[in-house]
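Chain by chain, the residues:
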Amino acid sequence: DTAVSQTPKYLVTQMGNDKSIKCEQNLGHDTMYWYKQDSKKFLKIMFSYNNKELIINETVPNRFSPKSPDKAHLNLHINSLELGDSAVYFCASRLQQGVTQYFGPGTRLTVL
Amino acid sequence: AQSVTQLGSHVSVSEGALVLLRCNYSSSVPPYLFWYVQYPNQGLQLLLKYTTGATLVKGINGFEAEFKKSETSFHLTKPSAHMSDAAEYFCAVSPPEAAGNKLTFGGGTRVLVKP
């Protein structure tokens, strides 16, 4: 009965690799987000999609490419990983007319 | 642009004592306000939110917060701390208009509860 799920939970990889993180929500929401939490616990919005359409892109390097195959899924692909990409990435979702965002458990990415 | 300031990155309280976490925001229009809690190695869980109406809002786990427009504050309180309250707490704001509705977070406050 998981509401917002992310895979994988942990991801360890080498610099220069390409990796993807997947997010799925079964809440029937139509707006989804990616947030990045750095090592100091600071959280910042990266992207938002509404009904598969990109509506927020917060000056994120173009090595990061979100993809929304349908409104229940929002994946994050990262090319040419750098050390500074190490962080916890959270997916969240919201009903378009709603206010509250519901967060997934996070994916801890470690770039070596 | 919106911003959120949480005073105190760490707060230590004794079990049974009052918990007070401070949050001040900056916004050109009164925003929606949220408190989220993050337990170790977990995602964020909504504690409570303010959108409109009564300025004192009650949330889960005995927490409440009061929106004070004149002070641009949304401080979080709990009368009696429990060991299970040890976690990281985040104050966040979002613009009242529906488009995007992105959350802007404060830096977080880690709460330590002493027995």
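The structure this text deals with has already been given above.
Please read these numbers as outputs of a predicted model, since none were measured by experiment.

**Side note on the pairing of strand S8 (residues 73-78) of chain A**
Residue and element names in this part refer to chain A.
Reasoning step 1: The pairing of strand S3 (residues 19-25) with S8 spans four bridges and is antiparallel. When the bridges of S8 are listed, Lys19 appears paired with Ile78.
Reasoning step 2: Summarising the sheet, strand S7 (residues 64-70) and S8 pair through five bridges and their orientation is antiparallel. Among the inter-strand pairings, Asp70 is bridged to a residue of S8, identified as His73.

**Describing the nonpolar core**
Reasoning step 1: With 27 residues, the main nonpolar core has Leu21(B), Trp35(B), Leu47(B), Leu48(B), Phe74(B), Leu76(B) and Tyr89(B) as its most contacted residues.
Reasoning step 2: For this core, the elements supplying multiple residues, two or more each, are strand S2 (10-14), strand S3 (19-26), strand S4 (32-38), strand S5 (44-50), strand S7 (64-68), strand S8 (73-78), strand S9 (87-94) and strand S11 (109-114) of chain B.
Reasoning step 3: Of all hydrophobic cores here, the second largest spans 20 residues; its members include Val4(A), Ile78(A), Leu81(A) and Leu109(A).

**Focus on the packing of aromatic side chains**
Note on aromatic pairs: each is described by the distance of the centres and the angle between the planes.
Residues and elements named next belong to chain B.
Reasoning step 1: Counted by the stated rule, this structure contains 13 aromatic pairs over all chains.
Reasoning step 2: For the pair Phe90 and Phe105, a centre-to-centre distance of 6.1 Å together with 85 degrees between the ring planes defines the contact as edge-to-face. Taken together, the positions of Phe90 in strand S9 and Phe105 in strand S10 (residues 104-105) put the pair 15 residues apart, joining distant regions of the chain. When sorted by exposure, Phe90 lands in the same class as Phe105, which is buried.

Analysis parameters
- Residues numbered from 1 in each chain as written.
- Chains lettered and ligands numbered in written order.
- Predicted model: local features only at pLDDT ≥ 70, side-chain atom pairs only at ≥ 80, totals over all residues.
- Heavy atoms only, no water.
- Pairing = 2+ DSSP bridges.
- Helix = DSSP H or I, 4+ residues; strand = E, 2+ residues; numbered from the N terminus.
- Core = buried A, V, L, I, M, F, W, Y, C linked by side-chain atoms within 4.5 Å.
- Buried < 20%, exposed > 50% of the residue type's maximum accessible area, 1.4 Å probe, protein only.
- Phe/Tyr/Trp six-rings, centres within 6.5 Å; stacked < 30°, edge-to-face > 60°.

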